[in-house]
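Structural overview for review
Residues per chain are reported as follows:
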Amino acid sequence: MKRVIRICLACTVLVSTLLASCYKEDVSTLYSRQYVLAESLKSINERITIINADIKQLKELYEILNNKPIASNLVYTILPGNDTIGVTVTLGDTDFYVPFGKNGKNGIDGLTPRIGANGNWVIGNTDVGIPARGKDGKDGVSPHIGENGNWFIGDKDTGVLAKGQDGTNGQDGVAGRDGITPTIEISKDGYWMFNGEITNYKAVGVDGKDGGIPVVSAAQDLSNPDDQNFYWTIKYPGKEAVFLVVNGQKIRANAIDGQNGESGAQGPQGAQGPQGEPGTESFVTNIEQSSDGTKITITTKFGDTFVVPIVKVDFKLLSQGIADENNVINYVSAGQVIEVPYQSSDNVTSIRSVLPPGWSAEPVISADPSQRVIRIKAPILIDLDRAMFNGDAVFYALDEKGAVLTQFIKLHLNKYLYISYFYNPLNSVELGRPTTPLNSLVLPANAVLKQDFFRLDNLDYVLSLQKQYGYGTAENNLSADIRRYPSFQQDKQENDADLNFKIVSAIYNPDSITASYLIGLQNKPNGFCLTLEKYGDNEFYKPIPYNTYMVQYSYTLNNGSNNEIIRLKRAAAMIQVYVGDFCTFMGVDETLFDISKVTLRMTQTTSILTSVYSKFNAVTTEVRSNAMKYDTESKVLTCNFAILCTQTGDYSLDLLYDGVLKQRWNRPLQSMLIQSDNFAEIHVNQTQRPFAGTAPMTNYIGVIDNATQVGNYRAGSTTKLY
């Protein structure tokens, strides 16, 4: 811009100097110089406009190529012979047109006025009959250019053009026809106007839809080989180029040469005619496609070269309305499935994905575009220990030749507290994910899982939430996966971050156990307890399922999602009783034996067990015939049942038939407690080896701690009571 200002100042000084010395200069020469300076200034301004346009276009190209696009389409606008007039390139989501300009012909030289020998003004070889000087010696009338472009002497139109008919300068390229820059407008009724003439081509579609941005170019009429002229064409997206027609005639794009007049005497050098209108100029000098068709090379006139791959696969995720403004799909629960539509070309044969751990995707490839979706599934509850809650998903579509086009999206699973359970009786087995084969936990069909949550508040735990699932509850519809690998999801409160919590979890059968709190420790973690249920028809307590569990677990909520895997502890002890030669031992006629009349009662069993495994109340557990078997060959009666534990080591077994106490197995001579998660065998009226390598023993009890696999045994005795 500074350059333009300096030129303007220079022109002003020069014109002032010329006017001041006009008495020394011929008038015609003065006007010629002034005209040349004005045209030069106009040319400089036009060149600056072109340079600014180049900078803008180059910046746009750099921005496009900075995103590393792929070229998906090349459409050559015109192909007369072997020449290419222009090409439309698709880079990513952007189309841009690169015209290849042709050399324009030089304009016809303008005619400079001069004073003839007779003193009249002469233009070219024509004496216009007007004296340059008045008869009285006054100055002649100065010539000037009229509004119609002709030379005027005073008020008289000489009919002689001051400017030659302009040709159009295009960008240097293969020599071709002259281009003419058209004026393109839209008429009031929605048709394209070309050079002020209304054509037959709609610019606005029906029902207000856009007619599309056309590409205007020039082409020869190949149906008429003798016609070497170029005519203007128009091409709408998705359609073939057609010739522009006004009043039934094609519009010529190349200039029509004027005829030269007769040669006259050589006159003085005329002033240079004005520069023709600039042709369409592109900052891209070359676009070359590789021989294998896999890439294009774009070269600019500034020397930059860009190599862009060509992919003929169309693939795009249509996640608008599904993903947020940051291209993130938010999932509200584990295992949730969200369908994301996509558009693709028909040559896509497969869609593959790279997903964060724990996530899965199922693409649906269909001939019906409306059925094309990708089903993206969040990690399921039992996989949350190894899953990522946030991550990038990459999907790439392939055609039969292996061409690939990728799409990206982000996945997010909302913040929750995820709780899974694990059990293995051996302490040597480390805590693992719920689905590992080492997890032997199974939630029985008639079991309840109870969860009581406590928040630490001023060094005291306060009950904050209670949940209950399974048999006889509102959450009874637990799936098979949940029963095999119990996993649950709880909401999180933002203000709970960094707070400490405890959860007491218990799995039990509500037919034989009630979950409650000790008096004085209501709604406190250590007061949570399991209490045995009595039979309705007597004072004795029911045995419980061996799959009874209880644990107290502490955790701290974080700012994201908590995934807590809790190792359960078995709250029950298994008791297996073997009675040899049962009928004889009980004094029952074997031919009249009825197993439904057999009852076993174990004394000193615990009726209350807390979450910290404190035990209260010694009671008697009664086992009925549904837990027994009788082998007629070995004559051994077997009874399997479970208790919470024994309150003391002074327990005994009473054997009844038809409600009558017949035999009693007395406690060991030395006290032996049966703890939770113990396995005990009691052999009555039977001699066996308690463990490998020990001496045979009669009427003994052997106890094994499941956690340590350490066993012990004691001898007992029996008392006949009939």
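Please read these numbers as outputs of a predicted model, since none were measured by experiment.

Definitions and cut-offs
Residue numbers run consecutively from 1 along every chain, following the written order of its sequence. In keeping with the predicted nature of the model, local features appear solely for residues at pLDDT of at least 70, side-chain atom pairs appear and are counted solely at 80 or more, and the whole-chain, interface and lining totals rest on all residues. Calculation of side-chain values draws on the structure's entire complement of heavy atoms; hydrogens and water are dropped beforehand. Only DSSP runs of H or I covering at least 4 residues are called helices, and only runs of E covering at least 2 are called strands; the numbering of each starts at the N terminus. Residue burial is assigned from relative accessible area. The probe radius is 1.4 Å, only protein chains are included, and a residue is buried under 20% of its type maximum, exposed over 50%, and partly exposed in between. Two residues form a contact once any of their heavy atoms are found within 4.5 Å. Strand pairing follows a simple DSSP-based rule, namely that at least 2 bridges must link the two strands. Between N-to-C directions, angles span 0 to 180 degrees; the directions come from axes that are lines fitted to C-alpha atoms, helices contributing only their stretch in contact. Centres within 6.5 Å make a pair out of two Phe, Tyr or Trp rings, where for Trp the six-membered ring is used; the pair is then stacked when the planes are under 30 degrees apart, edge-to-face when over 60, and tilted otherwise. Ring-over charges, as used throughout, are those where CZ of Arg or NZ of Lys falls within 6 Å of the ring centre and within 35 degrees of the ring normal. Nonpolar cores were defined as sets of buried Ala, Val, Leu, Ile, Met, Phe, Trp, Tyr and Cys residues, with membership established by side-chain atoms within 4.5 Å. Per-residue confidence from the predictor is given as pLDDT, running between 0 and 100. The definition of a polar contact used here is a pair of N or O atoms within 3.5 Å, where within protein one atom must be able to donate a hydrogen and the other to accept one, and adjacent residues in sequence count solely through side-chain atom pairs. When a carboxyl oxygen of Asp or Glu is within 4 Å of a side-chain nitrogen of Lys or Arg, the pair counts as a salt bridge.

1. So, the overall build of the chain
Helix and strand content of the chain: four helices and 50 strands. Counting over 722 residues, the chain shows a buried share of 41%. Considering only residue pairs separated by 6 or more positions, the chain has 59% of its internal contacts joining residues 24 or more positions apart.

2. Details of the sheet that holds strand E26 (residues 373-377)
On the basis of which strands lie adjacent, the open sheet formed by four strands has the order E21-E23-E26-E25 and antiparallel pairing. Edge strands, defined here as strands with exactly one partner in the open sheet, are strand E21 (315-317) and strand E25 (360-364). Here the strands of the sheet are splayed against their neighbours by 25 degrees on average, with no regard to which way each runs.

3. Things to note about the pairing of strand E27 (residues 390-399)
Of all the 10 residues making up E27, seven are buried; the element is thus mostly covered by neighbouring parts of the structure. Note that strand E24 (residues 348-354) and E27 share six bridges and pair antiparallel. Each residue of the ladder has a partner; that of arginine 352, found in E27, is tyrosine 396. Note that E27 and strand E28 (residues 404-413) share nine bridges and pair antiparallel. Across the sheet, residue asparagine 390 finds its bridge partner in E28, namely histidine 412. Adjacent in sequence and paired antiparallel, E27 and E28 are bridged by four residues, among which glycine 402 carries a positive phi angle near 90 degrees.

4. Remarks on the packing of aromatic side chains
In the structure shown here, the tally under the stated rule is 14 aromatic pairs. Over the ring of tyrosine 613 we find lysine 569; its NZ or CZ atom is 4.1 Å from the centre of that ring. Sitting over the face of the ring of tyrosine 546, arginine 570 holds its NZ or CZ atom 3.9 Å from the ring centroid.

5. Some thoughts on the nonpolar core
In terms of nonpolar packing, the biggest core is built from 32 residues, with Ile575, Val577, Phe593, Leu600, Phe641 and Ile674 touching the most fellow members. When contributions to this core are tallied by element, the ones reaching two or more residues are strand E38 (573-579), helix H4 (582-586), strand E39 (598-610), strand E41 (628-631), strand E42 (636-643), strand E43 (653-657), strand E45 (678-684) and strand E48 (700-705). Ignoring anything within four residues of it in the chain, the contact list for valine 577 reads Leu600, Leu637, Thr638, Cys639, Phe641, Leu653 and Ile682. Membership of the second largest hydrophobic core comes to 27 residues, among which are Val313, Leu317, Ile374 and Leu411.

6. Here's the deal with the confidence of the model for the chain
Of the residues in the chain, 66% reach a pLDDT of 70 or more, and the chain-wide mean stands at 77. Counted against residues more than four places away or in other chains, residues 1-25, with its pLDDT under 50, gives 14 contacts. Scored below 50 in pLDDT, residues 78-82 makes 11 contacts in the model with residues more than four places away or belonging to other chains.

7. Regarding the side chain of serine 420
With respect to the helices, strands and loops of the structure, serine 420 is situated in strand E29 (residues 416-422). Of the residues examined, serine 420 reaches a relative accessible area of 2% and is grouped as buried. Leaving out residues up to four positions away in the same chain, serine 420 has contacts with Leu381, Pro434, Pro486, Ser487, Glu564, Ile565 and Ile566.

8. Quick notes on the sheet that holds strand E22 (residues 328-331)
Spatially, the four strands line up as an open sheet ordered E22-E28-E27-E24, and their pairing is mixed. Since the sheet does not close on itself, it has two edges, and those belong to E22 and E24, each with one partner. Taking each pair of neighbouring strands and ignoring which way they run, the sheet shows an average axis angle of 30 degrees. By the bridge criterion, four bridges tie E22 to E28 in an arrangement that is parallel.

9. Some words on the side chain of aspartate 221
Along the chain, aspartate 221 falls in the loop between strand E13 (215-220) and strand E14 (230-235). There is a polar contact of 2.5 Å between the side chain of aspartate 221 and the side chain of serine 223. Those residues in contact with aspartate 221, other than ones at most four positions away along the chain, are Asn229, Phe243 and Lys250.

10. A closer look at unusual backbone geometry
We note that tyrosine 613 has phi near 65 degrees; this positive angle belongs to a residue other than glycine. Note that tyrosine 613 resides in the loop between E39 and strand E40 (615-623).

11. Considering the pattern of salt bridges
Within this structure, the stated rule accounts for 10 salt bridges. Measuring nitrogen to oxygen at the nearest pair gives 3.7 Å for the salt bridge that ties arginine 375 to glutamate 362. Of the two residues, arginine 375 sits in strand E26 while glutamate 362 sits in strand E25, which places them 13 residues apart along the sequence. Of the charged contacts in the structure, one is a salt bridge between aspartate 460 and lysine 524, with a shortest N-O distance of 3.0 Å. One end of the pair, aspartate 460, is in strand E31 (residues 460-470); the other, lysine 524, is in the loop between strand E34 (513-517) and strand E35 (528-532), with 64 residues separating them in the sequence. Residue classification places aspartate 460 among the partly exposed residues on the basis of a relative accessible area of 36%.

12. Description of the environment of lysine 629
As for its position among the elements, lysine 629 is in strand E41. Residues lysine 629 and cysteine 639 lie 10 residues apart in sequence; the distance between their C-alpha atoms is 6.5 Å. Excluding residues within four positions of it along the chain, lysine 629 makes contact with Ile595, Val636, Leu637 and Thr638.

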